[in-house]
Amino acid sequence: MKILVCISKTPDTTAKIAFVEGNTKFDETGVQWIINPYDEWYSLVKAIELKEKDPSVIIHLVTVGGADTEPIIRKALALGGDEAIRINNVTNDSLTVAQEISSIAKEGAYDLIFTGKETIDYNSASIGSMLCALLDINFISAATKLDLNGNTISVTREIEGGEEISETNLPAIVSCQKGMAEQRIPNMRGIMAARTKPLKVLEATVTQATTNIKQFSLPPTKSGVKLVDPANMDELVRLLKEEAKVI
Amino acid sequence: MVLIYIDQDNQEIKKASLEAISYGSALAKQLGTSAEGLVLGTVHDDLTTLGKYGASKVHQINNASLNHFDARTNSNVIAEAAKKLGATVLIFAHNINGKAVAPAVSVKLNAGIVTGACQLPNTDTGFVVTKTVFSGKAFASIQIETPIKVISINQNSFGEVVGDGVAVIENLAIDVPTSTLKITSVNKIEGEIPLTEASLVVSGGRGLKGPENWGILLDLAKALGASTACSRPVSDSDWRPHHEHVGQTGIQIAPNLYIAIGISGAIQHLAGVNRSKTIVVINKDPEAPFFKAADYGVIGDAFDVVPALTASILKAKHGA
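Residues numbered from 1 in each chain as written. Chains lettered and ligands numbered in written order. Predicted model: local features only at pLDDT ≥ 70, side-chain atom pairs only at ≥ 80, totals over all residues. Heavy atoms only, no water.

A. Quick look at the sheet that holds strand E13 (residues 199-203) of chain A. Taken in spatial order, the 10 strands line up as E13(A)-E7(A)-E6(A)-E1(A)-E8(A)-E12(A)-E9(A)-E10(A)-E11(A)-E12(B) in an open sheet, and their pairing is mixed. One side of each edge strand has no neighbouring strand; the edge strands of this open sheet are E13 of chain A together with strand E12 (182-188) of chain B. Direction aside, the axes of adjacent strands within the sheet are offset by 30 degrees on average. Here strand E10 (residues 152-159) of chain A runs beside strand E11 (residues 162-169) of chain A; their pairing, made up of 8 bridges, is antiparallel. (Pairing = 2+ DSSP bridges. Helix = DSSP H or I, 4+ residues; strand = E, 2+ residues; numbered from the N terminus. Axes fitted to C-alpha atoms, helices over the stretch in contact; angles between N-to-C directions.)

B. Representation of the environment of Gln155(B) within the structure. Residue position: Gln155(B) is located in the loop between strand E10 (149-153) and strand E11 (168-171). Once the C-alpha coordinates of Gln155(B) and Gly136(B) are considered, the two residues, 19 residues apart in sequence, prove to be 13 Å apart. For Gln155(B), the residues in contact, after removing those within four places along its chain, are Glu160(A), Ala16(B), Glu19(B), His94(B), Asn95(B), Thr196(B), Glu197(B), Ala254(B) and Arg275(B). (Contact = heavy atoms within 4.5 Å.)

C. Quick peek at the domain arrangement of chain B. All names here are of chain B. Segmentation of chain B into domains returns domain 1 (2-171) and domain 2 (195-317). Taking only C-alpha atoms, the centre of domain 1 and the centre of domain 2 are 31 Å apart. Each partner contributes to the interface: domain 1 provides 9 residues, whereas domain 2 provides 10 residues. Together, the buried faces of domain 1 and domain 2 total about 900 Å²; carbon and sulfur atoms form 40% of this surface. Viewed at the interface, domain 2 and domain 1 are joined by 0 salt bridges. Connecting domain 1 to domain 2 are 4 residue pairs in polar contact (both at pLDDT 80 or more). (Domains from an automatic or database assignment. Buried area = accessible area lost by both parts, 1.4 Å probe. Salt bridge = Lys/Arg side-chain N within 4 Å of Asp/Glu carboxyl O. Polar contact = N/O pair within 3.5 Å; in protein donor to acceptor, adjacent residues only side chain to side chain.)

Dropping the structure here:
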């Protein structure tokens, strides 16, 4: 059983969002980088749980990015995982990322591929679905639970207003979200072990992007809060009806 | 031609798809072409009514095996349909199923894709789509470089535009591959409006002190006909179910009205709700950061303010 876990580097959830170079580039000044929370808390930890149940499970991590992603991938290796692959391609184009991962996935003949539901920076939620098309294997998105029985997985996914449970044979791609597993903190043994785990660097093979970011912008700031007297809720109802026109 | 994927659940058309049709129709006008819908499977709705949202035609692949969603099968079928119909732009709702199929379809059509778009593309020079990034904290305008384009639009970002058109229904013959995904059960929470589709949302945080105090919030939601949500600490403490958690790592919503009760407004929470049209914050701490992001604020004790607000709403409703 081989699992491939896709890891992305994102700014910390509290990072200040600002742009430089004429609003064409994210301002990285002072930004703390983390493993995308969906990749770390849910997909990586779920893969580790499967390995804890069955030590013969092999976990590979893959990331697409420059050398500056290596501290993130080492942290992921400290949590668990046997080895990591970094594809040296710096891009914001989801298809480029998915194509790079798909060539690794084809070569590695993985049974399960985990991605996070989305990344918290570009929120594209695209990689799992693109891998589904590139690899032509089943894809279950927004998963909150996964049970492995031999060569079959039973996966619970979120749907609007409820949940749906489905079964498929492996290989399959699953995008993971809250519920799948619980966040863990790497221990000292894991951190030490991660230093010597293999981290293979491969050169980029995809060069043609299908999309290009032209410009970033920030939402207009609110004009300021209008305070309503807590003893006069009739006034709040009037404002919501007549001024905001939302009720 | 602009082709809009019409998502169904249990043979009923999803609300998010009506907005997608309105968006696709506006884009088709901008490009001087037609907006046409694509329905997979058999549905109970009268498809001619989709004309009201701007679809001149609705193509239906009348195969009941497509009533169960499977990302791999659906994306194959949608891509084949798009090729057959000669679609140049494909529109999806950025809902659960839209997110699962739109990127796969883009791969099959060699099309560039922008997911989570929040406004119509700028087509003056090129084709530039603006989307929310950093969980709603910023926008990115992205140029799609390919002849065929795929866009998924954020829910409640464009709205439904209702006119008086009538759509022509056409059967579309496409070979449907056999799905290898078996759906074993579906559990719906009865009578609840899915949070992502709700236009009014009442949400509670740690300021409510415990799950036993949720009654005042539920009463307010009932009076308004609103859905209920909560902050991350509340769902982490199991005061409320996980599916109510809104925020950066929970659900991102954009209702017309978001009422936050006893939520301080951490940046991660704001990221999930800051696309709401109107935000009301009720908090006894005047320093709560949420007030900076609010349209209306009430500084006061939730246990007094919320029941009073509920009473005022009921009074206004009954015209007393």
